[in-house]
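Tertiary structure, described
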Amino acid sequence: PPFSVAEAAATMYPGMQPMPGPGMGGMPGMGQPIGGMPGMGHPMGGMPQQAWGAPQPPQQAGVQPQKPAGGAAPPPARSTPNLNVGGAPPQGTSRAAAIDAIPVATPAEIPQQMRMGGALEKSGFVRSDHGNRGPNWEIVGEDSQILVVKVGAGEEVMCEPGGMMTKGKETHPSVNMGSMGLACKRCCCAGESCFRVIWKATQGDTVTVTPFFPAKVLPIDLDKHSGLFIKKKAWMASLGRNTDFGIQTAPSFATACCAGQGCCLTSITGTGTTFLSIGGTVVEKTLGESEELVLEQSSLVAWSPSVRLDVIRSGNCCTMCCGGMGLFQARVTGPGLVIIQSMSYEKARQAYAQAALGQKPQQSGGLGIGVS
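So, how was this worked out
- Residues numbered from 1 in each chain as written.
- Predicted model: local features only at pLDDT ≥ 70, side-chain atom pairs only at ≥ 80, totals over all residues.
- Heavy atoms only, no water.
- 1 Å grid on protein atoms, 1.4 Å probe; cavity = no way out; pocket = protein on both sides within 12 Å on 5 of 7 lines; lining within 4 Å.
- Points joined across faces, edges and corners; volume = space filled by probe spheres on them.
- Nonpolar A, V, L, I, M, F, W, Y, C, P; charged D, E, K, R; others polar.
- Buried < 20%, exposed > 50% of the residue type's maximum accessible area, 1.4 Å probe, protein only.
- Helix = DSSP H or I, 4+ residues; strand = E, 2+ residues; numbered from the N terminus.
- Pairing = 2+ DSSP bridges.
- Phe/Tyr/Trp six-rings, centres within 6.5 Å; stacked < 30°, edge-to-face > 60°.
- Lys NZ or Arg CZ within 6 Å of the ring centre and 35° of its normal.
- pLDDT = per-residue confidence, 0-100.
- Contact = heavy atoms within 4.5 Å.
- Salt bridge = Lys/Arg side-chain N within 4 Å of Asp/Glu carboxyl O.
- Disulfide = S-S within 2.5 Å.

**With respect to empty space enclosed by the protein**
- Under the defined criterion, the tally for this structure stands at 2 cavities of 30 Å³ or more.
- When its volume is computed, the largest cavity comes out at roughly 70 Å³.
- The wall of the largest cavity is formed by F212, F213, K231, K232, K233, A234, S277, I278, V301, Q341, S344 and Y345.
- Here the lining of the largest cavity is built from residues that sort into 6 nonpolar, 3 polar and 3 charged.
- The volume enclosed by the second largest cavity comes to roughly 30 Å³.
- Lining the second largest cavity are E160, R186, E192, I230, W235, F245 and T266.
- Tallied by class, residues from the lining of the second largest cavity come to 3 nonpolar, 1 polar and 3 charged.

In structure tokens:
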């Protein structure tokens, strides 16, 4: 006997009901011809097919189907599939209410393989997602990102020298050092530039700022994270001049020499939004009381003032000499927030240099004591 599309669907998806009307959702196609052309429910090649959604003729009670000639048993009755799971919404139901009525699988019903970030969540890390858009700024791009700032009349954007990519004719630069003492500390002790460039708009204009190497842009709300310690060369720009930089001596000689942050640590305070340039994938973790985390020195980007930074040995003598991790690794102890990057500027610089020389990229190896 002819086998319709509806019967095929019933075989593949038992228990499903058809959508009401001549076609699926009342639209032509699945149950009627389109423009005179044979559709999914139109007879094709002389073989009659049952249209989806078409009502079945009722069978009278007590009437048995007649057996064909030869005494063979009649073919078993096939049920029409139900493609309207849950039934059609009541007449007059709004679109929003109909969408809200769609059942959603709970996390317990989703297979473990399909869950996003299962291992990351269990480890306590989260992706650093501080937003990519503000009232007058937006971060554009995927890997090598740029910062686009819409500045009004009299508003300013402060950034590192060479950070500006584009500006309008209504924006004019000026150079600021903050103070002579702080500029000297920032230049001599923290490895930063002693100058800061201020871009001020006389009328509404747009300024775009880029990191100094292919990196992502991470916004930091200083109203929540004022006093945050940051890695050298991590600061990129700030909205306005309400950002101050402090210099603090490393807590120990070992930390100053081997933690990868230098003998002086840079802190950032103020209000508003500031932006850091970070390479690769960015994750963060809020450490609990006395919770420790060991990491490669250049991966540490920022940490709360309540977090203690020190160093530990990479392992035994063989590991320190041949493990490619150097003699020491950085260790942070909670409580507080730590922000980590996967591709630091040092790693990228080393990879580019090795590629330029035709060498195979390798880990640091050698002594690798982390002196910067």
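**Notes on the pairing of strand β2 (residues 137–140)**
- Residues W137 and I139 of β2 are buried on one face, while the alternating residues E138 and V140, pointing to the opposite face, are not.
- Here β2 folds back onto strand β3 (residues 146–151) in antiparallel fashion, the turn holding 5 residues, of which G141 has a positive phi close to 110 degrees.

**Remarks on the packing of aromatic side chains**
- Counted under the stated rule, the structure contains 6 aromatic pairs.
- Counting every residue linked through ring pairs, the aromatic cluster contains F212, F213 and Y345.
- Between K285 and the ring centre of F125, over which it is positioned, the NZ or CZ distance is 5.1 Å.

**Thoughts on the confidence of the model for the chain**
- Mean pLDDT for the chain: 76, with 65% of residues reaching 70 or above.
- The low-confidence segment residues 79–86 (pLDDT under 50) makes 26 contacts with residues lying over four places distant or belonging to another chain.
- Counting interchain partners and residues more than four positions distant, the pLDDT-below-50 stretch residues 364–372 has 24 contacts.

**Details of the pattern of salt bridges**
- Under the defined criterion, the tally for this structure stands at 8 salt bridges.
- Put simply, R331 and E292 hold a salt bridge, and the shortest N to O gap is 3.8 Å. On the criterion of sequence distance, the pair formed by R331 in strand β19 (residues 328–333) and E292 in strand β16 (residues 292–295) is long-range, its members being 39 residues apart.
- The class for E292 is partly exposed, based on a relative accessible area of 45%.

**A word on the state of the cysteines**
- This structure, assessed with the given rule, holds 0 disulfides.
- The closest cysteine sulfur to the non-disulfide-bonded C257 is located on C258, 5.5 Å from its own sulfur.
- By relative accessible area, which is 23% here, C257 ends up partly exposed.

**Focus on the environment of T249**
- Among the secondary structure elements, T249 is positioned in strand β12 (residues 243–249).
- Considering only alpha carbons, one finds T249 and C264, 15 residues apart in sequence, at a separation of 4.5 Å.
- Apart from the residues within four sequence positions on either side, T249 is in contact with C263 and C264.

**Concerning the environment of V126**
- Looking at the secondary structure, you find V126 in strand β1 (residues 126–127).
- Classification of V126 as partly exposed rests on a relative accessible area of 42%.
- Sequence separation of V126 and I339 is 213 residues, and the distance between their C-alpha atoms is 9.8 Å.
- Beyond its immediate chain neighbours, meaning those up to four positions away, V126 contacts L120, V283 and E284.

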